[in-house]
Amino acid sequence: EAASKALGRAKYAPILEKFIEIAARPKDVDFTVPNVDNENIYSDRRVVLLGMAFLGDPGAIPAIETILDDVTDYVPTKEIAAEALPYVVTPEKFAEILQKVQDPTKDSWVRSWYARSLIPAANPSIAQPILTALESDPPPPTSHAGPPERVPPPPTPPHPPPPRRGGRAGGGRPTGQRKGG
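Heads up: these notes are all about the structure in this document. The structure presented is a predicted model; accordingly, all values stated were derived computationally and were not measured. (Residues numbered from 1 in each chain as written. Predicted model: local features only at pLDDT ≥ 70, side-chain atom pairs only at ≥ 80, totals over all residues. Heavy atoms only, no water.)

**Some remarks on helix H5 (residues 75-84)**
In step 1: Taken residue by residue, H5 has Thr77, Lys78, Ile80, Ala81, Ala82 and Ala84 as its buried positions.
In step 2: Buried residues along H5 sit against helix H3 (39-55), helix H4 (61-69) and helix H7 (108-117). (Buried < 20%, exposed > 50% of the residue type's maximum accessible area, 1.4 Å probe, protein only. Helix = DSSP H or I, 4+ residues; strand = E, 2+ residues; numbered from the N terminus. Contact = heavy atoms within 4.5 Å.)

Here it is, written out as structure tokens:
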């Protein structure tokens, strides 16, 4: 992660091609359900998206938009992509993003990711169009993971357990030692 950020901060433009390659979603990987086997892919994509943000190169926009437009991509990756986009966007592209937020034909989740990307550049001129677009949406489709089912917390014990004595995990003296010895 440090290397990705450092290359971005140094504005090392040749790295963008490699960042884009790593950020691309592998075609044979299902990201709809988190999987331990995919952790390296998740991590690598997150790291290069951060590097893209630090680099600030508009050439990263198509790769970031691909992630945001894919309704089946891994949500934490989409979060980082939405956070990276405002750091690479041009004023012309900013207007296109605002149009995507307002486009009722786009998936509501995709629109919300684009809206989230506008937060760092928020100003009164874009607030109302974003709110209008987001308020008019129907609830998200059931094909997307919604909030987890609410599970009641476990009951709290009636009183705390008594404190242990002796400072050892089992209390008392270590095995094999006698009193006074």
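**Details of the nonpolar core**
In a soluble, globular protein the nonpolar side chains are often hidden away together inside.
In step 1: Within the largest apolar cluster, 31 residues are counted, with the highest numbers of intra-cluster contacts made by Leu49, Met52, Ile64, Leu68, Leu85 and Tyr114.
In step 2: Listing elements by their share of this core, those giving two or more residues are helix H2 (15-23), H3, H4, H5, helix H6 (91-102) and H7.
In step 3: For leucine 85, the contacting residues outside a window of four places in its chain are Ile61, Ile64, Leu68, Ile97, Tyr114 and Ser117. (Core = buried A, V, L, I, M, F, W, Y, C linked by side-chain atoms within 4.5 Å.)

**Overview of the environment of lysine 93**
In step 1: Looking at where lysine 93 falls in the secondary structure, it is placed in helix H6.
In step 2: Residue classification places lysine 93 among the buried residues on the basis of a relative accessible area of 14%.
In step 3: Separated by 35 residues in the primary sequence, lysine 93 and proline 58 have C-alpha atoms spaced 9.1 Å apart.
In step 4: Apart from residues lying up to four places away in sequence, lysine 93 is in contact with Ile61 and Glu65.

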